[in-house]
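# Breakdown of the fold
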Amino acid sequence: MQEDKEPIFDAYETLTVLLPPLTGLLETLMLNPDRMRAALIESMLATDLADYLVGKGVPFRQAHALAGRVVRLAETKKVALSGLSLEEYHTISGVFRGGCPGRL
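Residues numbered from 1 in each chain as written. Predicted model: local features only at pLDDT ≥ 70, side-chain atom pairs only at ≥ 80, totals over all residues. Heavy atoms only, no water.

Our focus in this paragraph is the overall build of the protein chain. Helix and strand counts for the protein chain come out as 5 helices and 0 strands. Helices and strands appear in the protein chain in the N-to-C order α-α-α-α-α. Its C-alpha atoms give the protein chain a radius of gyration of 22 Å, clearly above 13 Å, the size a compact globule of 104 residues would have. Buried residues in the protein chain amount to 21% of all 104 residues. (Helix = DSSP H or I, 4+ residues; strand = E, 2+ residues; numbered from the N terminus. Rg over C-alpha atoms; globule rule 2.2 N^0.38 Å. Buried < 20%, exposed > 50% of the residue type's maximum accessible area, 1.4 Å probe, protein only.)

The structure is reproduced here in structure tokens:
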């Protein structure tokens, strides 16, 4: 047997073990959107905020720190992330103005 076939056989064996329970899960899955929505905490979106900053060219380490500052500000003001004004975001970073990362 050629060694390049081994990963294919390993994948096949893994799928034969995983697919039956996965099929059962999907057949019996019942979603409750109201409970899901109620469990959502807006601070979970801080990761999306960091991703946004990275997309604007901010290094991830800085983006993570800035997102943390936004979350802390929202917690201090006892509001959700969406409850902060754009001006409050601007006080944390110029990137929220559409500026370049050098203006942090």
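Here we take up the pattern of salt bridges. One pass over the structure, following the stated rule, counts 3 salt bridges. Salt-bridge contacts for Asp4 lead to Lys5; the nearest nitrogen and oxygen are separated by 3.5 Å. In this structure, Arg37 and Asp34 form a salt bridge, with 3.2 Å as the shortest nitrogen-oxygen distance. Here Asp34 and Arg37 lie together in helix H2 (residues 33-39), a separation of 3 residues that amounts to about one turn. Each member of the pair, Arg37 together with Asp34, is exposed. (Salt bridge = Lys/Arg side-chain N within 4 Å of Asp/Glu carboxyl O.)

The geometry of a pair of packed helices is captured by two quantities: the angle between their axes and the separation between those axes. One can describe the packing of helix H3 (residues 46-55) onto helix H4 (residues 60-77) by two numbers: an axis separation of 8 Å at closest approach and a directional angle of 135°. Classed by the angle they form, the pair H3 and H4 counts as oblique. In this structure, H3 meets H4 at a crossing whose hand is right-handed. Mapping the contact onto sequence places Ala46, Leu49, Ala50, Leu53 and Val54 in H3 and Phe60, Ala63, His64, Leu66, Ala67, Val70 and Val71 in H4. When grouped by side-chain class, the residues that make up the contact of H3 with H4 number 11 nonpolar, 1 polar and no charged. (Axes fitted to C-alpha atoms, helices over the stretch in contact; angles between N-to-C directions. Parallel < 35°, antiparallel > 145°, perpendicular 65-115°, else oblique. Left-handed = near helix turned anticlockwise from the far one by under 90°. Contact = heavy atoms within 4.5 Å. Nonpolar A, V, L, I, M, F, W, Y, C, P; charged D, E, K, R; others polar.)

With 23 residues, helix H1 (residues 6-28) extends 34 Å between its outermost C-alpha atoms, agreeing within 8% with the 33 Å of an ideal straight helix rising 1.5 Å per residue. Most pronounced at Leu19, the bend in H1 amounts to some 30°, and the proline Pro20 follows within four residues. (Expected span 1.5 Å × (residues − 1). Bend = angle between axes of the 7 residues up to and from the residue.)

To continue, consider H3. The complete set of buried residues in H3 reads Ala46, Leu49, Ala50 and Leu53. Down the axis of H3, the buried set is contained in an arc of 100°. They therefore lie on one face. Residues Thr47 and Gly55 are exposed on H3 and point more than 90 degrees away from its buried face. Residues of H3 that are buried sit in contact with H4 and helix H5 (86-92). (Arc of directions from axis to C-beta.)

A cluster of nonpolar side chains, namely Leu15, Leu19, Leu22, Leu25, Leu26, Leu29, Leu31 and Met36, defines an oily patch on the protein surface of about 790 Å² accessible area. Counting residues per element, the nonpolar patch draws most heavily on H1, which supplies 5 residues. Mapped onto the secondary structure, Leu15 falls in helix H1. With relative accessibility at 46%, the residue Leu15 sits in the partly exposed group. (Patch = residues over 30% accessible without salt bridge, like charges linked within 9 Å, V, L, I, M, F, W, Y side chains within 5 Å. Areas by Shrake-Rupley, 256 points an atom, 1.4 Å probe, with all protein chains shown as cover.)

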